[in-house]
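Fold and geometry: a report
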Amino acid sequence: MIKKAILPVAGLGTRFLPATKAQPKEMLPVFDTPAIQFIVEEAVAAGIEEIIIVIGPGKSAIKNHFEPAPELESILEARGKLKELEIVRHISSMANFHYVQQDEPLGDGHAILCAEDFLEADESVVVLFGDDLVDNEAGKNAVEQLLSIYQEKSEPVILLNKIQPEETKKYGVVGLDEQETQQVKINKFIEKPEPEEAPSDLGVVGKFILTPEIITLLKQQKAGSDGEIRLAQAFDQYLQGGEALWGKVLEGQRFDTGDKQGFLAATLHYAKKHL
Ligand code: UTP
């Protein structure tokens, strides 16, 4: 059973400036809850117990959020604000939290490798980016959906979502071998293609299960011309080696909160649920 999740959240969040100048984008409230809390809750609901957060310099707000707040808790208790006390206690008691710093934003792949010391050599791990929220109220959450394929295959799994042609340049897009309902075998992974070069209409959502083979390949990657090492490079090499990579077409509603429109849609969605 996979018990650990890595959350690489050390990116600069340039698409959300000026809000992200002095605070991490993952702490921006989606209505009343920071995006990263939704992501941790999703992992915990799927049985993850250890949360490893890769933070950038100056992103201590994330760590503060998940740490106990004894002073606030005792004031809430003394004032009889028990509902609020429960809200605050829930955050720090959900899981065991670990932190590691990525000193420079050298790519999502590099950020994942910063957390490598928390993994055993033969251990698979859930990786969740800070941007993607999925709500599947009626059924399994996104991490549970990934885990159900991993439990059957013991091979890496990527969450996928149908995208419009004009969106291909924002996401990784995959090519497919075979498709059985919502589970696909991936044979190609192209980062941000032009619409005419996109091998399908399935875009990559930032939720993955990585096996030790992917971590090994990630360690072999060199930085691209932009100085970044990306997870997509390791998947690409893995596929070139003829290995099996699975995709799960997500069930539920997806919000890309790294994008201003997606953030607004998520805020409206969760406001309706939480009000
Ligand atoms: P993104 O490319 O979506 O995030 O990275 P970003 O770089 O923060 O955003 P923009 O494009 O500048 O607005 C995907 C995930 O990888 C993390 C991000 O925090 C996000 O969760 N990441 C990215 C790192 O942890 N380190 C990096 O060097 C780059």
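What comes next is a walk through the structure. These figures come from a predicted structure and were not determined experimentally.

On a plain count of helices and strands, the chain comes out with nine helices and 13 strands. Over its C-alpha trace the chain gives a radius of gyration of 19 Å, about what one expects of a compact globule, namely 19 Å for 275 residues. Reported as C-alpha extents along the three principal axes, the dimensions of the chain are approximately 60 × 40 × 40 Å. Burial analysis of the chain (275 residues in total) assigns 52% to the buried set.

It is worth spelling out the packing of aromatic side chains at this point. Applying the stated criterion to the full structure yields seven aromatic pairs. Taking 4.3 Å as the distance between ring centres and 40° as the angle between the ring planes, the aromatic pair formed by Phe38 and Tyr270 counts as tilted. Placement of Phe38 in helix α1 (residues 35-45) and of Tyr270 in helix α9 (residues 260-274) is noted, with a sequence separation of 232 residues between them. Pair check on accessibility: Phe38 and Tyr270 agree, each one buried. Members of the aromatic cluster, joined through ring pairs, are Phe129, Phe189, Phe208 and Phe235. Above the plane of the ring of Trp246 lies Lys153, whose end atom (NZ or CZ) is 4.1 Å from the centre.

For the rest of this paragraph, the subject is the site of the ligand. Not every one of the 19 residues close to the ligand is listed here, only the nearest: Pro8, Thr14, Arg15, Gln102 and Gly107. Interatomic distance of 2.8 Å between a backbone N/O atom of Ala10 and an oxygen atom of the ligand. Within the contact set of the ligand, an oxygen atom lies 2.9 Å away from a backbone nitrogen or oxygen of Gly13. Protein contacts shield 86% of the accessible area of the ligand, which totals 570 Å² for the unbound molecule. Looking at the shell around the ligand, the elements that each hand over two or more residues are β1 (4-9) and α5 (108-114). Of the residues in the shell around the ligand, the class split is eight nonpolar, six polar and five charged.

Extensive coverage of α1 is indicated by the burial of eight of its eleven residues. Within α1, burial applies to Ala35, Ile36, Gln37, Phe38, Ile39, Val40, Glu42 and Ala43.

As enumerated under the stated definition, the model contains 18 salt bridges in all. A salt bridge links Lys169 to Glu194; its shortest N-O distance comes to 3.4 Å. Of this pair, Lys169 sits in the loop between β8 (157-162) and β9 (172-180) while Glu194 sits in the loop between β10 (183-191) and β11 (202-210), and the two are 25 residues apart along the sequence. Residue classification places Lys169 among the partly exposed residues on the basis of a relative accessible area of 49%. Within the structure, one salt-bridge network assembled from shared partners comprises Arg15, Lys25 and Asp131.

The subject of this paragraph is unusual backbone geometry. Across the junction of Leu17 and Pro18, the peptide omega takes the value 5°, indicating a cis bond. At Ser154, a residue that is not glycine, the phi angle is positive and equals roughly 55°. Summarising the element assignment, Ser154 is placed in the loop between α6 (142-153) and β8. According to the relative accessible area criterion, Ser154 is partly exposed, its value standing at 49%.

Leu7, Ile36, Ile51, Ile53, Phe66 and Val126 are the most contacted members of the largest nonpolar core, which totals 46 residues. Excluding residues that lie within four positions of it along the chain, Ile51 makes contacts with Ala5, Leu7, Val40, Ala43, Ala95, Asn96, Phe97 and His98. The next biggest cluster of nonpolar side chains, apart from the first, holds 36 residues, and it includes Val125, Phe129, Leu202 and Tyr238.

Each value, and the rule that gives it
Residues numbered from 1 in each chain as written. Predicted model: local features only at pLDDT ≥ 70, side-chain atom pairs only at ≥ 80, totals over all residues. Heavy atoms only, no water. Helix = DSSP H or I, 4+ residues; strand = E, 2+ residues; numbered from the N terminus. Rg over C-alpha atoms; globule rule 2.2 N^0.38 Å. Buried < 20%, exposed > 50% of the residue type's maximum accessible area, 1.4 Å probe, protein only. Phe/Tyr/Trp six-rings, centres within 6.5 Å; stacked < 30°, edge-to-face > 60°. Lys NZ or Arg CZ within 6 Å of the ring centre and 35° of its normal. Near = heavy atom within 4 Å. Polar contact = N/O pair within 3.5 Å; in protein donor to acceptor, adjacent residues only side chain to side chain. Areas by Shrake-Rupley, 256 points an atom, 1.4 Å probe, with all protein chains shown as cover. Nonpolar A, V, L, I, M, F, W, Y, C, P; charged D, E, K, R; others polar. Salt bridge = Lys/Arg side-chain N within 4 Å of Asp/Glu carboxyl O. Core = buried A, V, L, I, M, F, W, Y, C linked by side-chain atoms within 4.5 Å. Contact = heavy atoms within 4.5 Å.

Treat this as a map of the structure, not an account of what it does.
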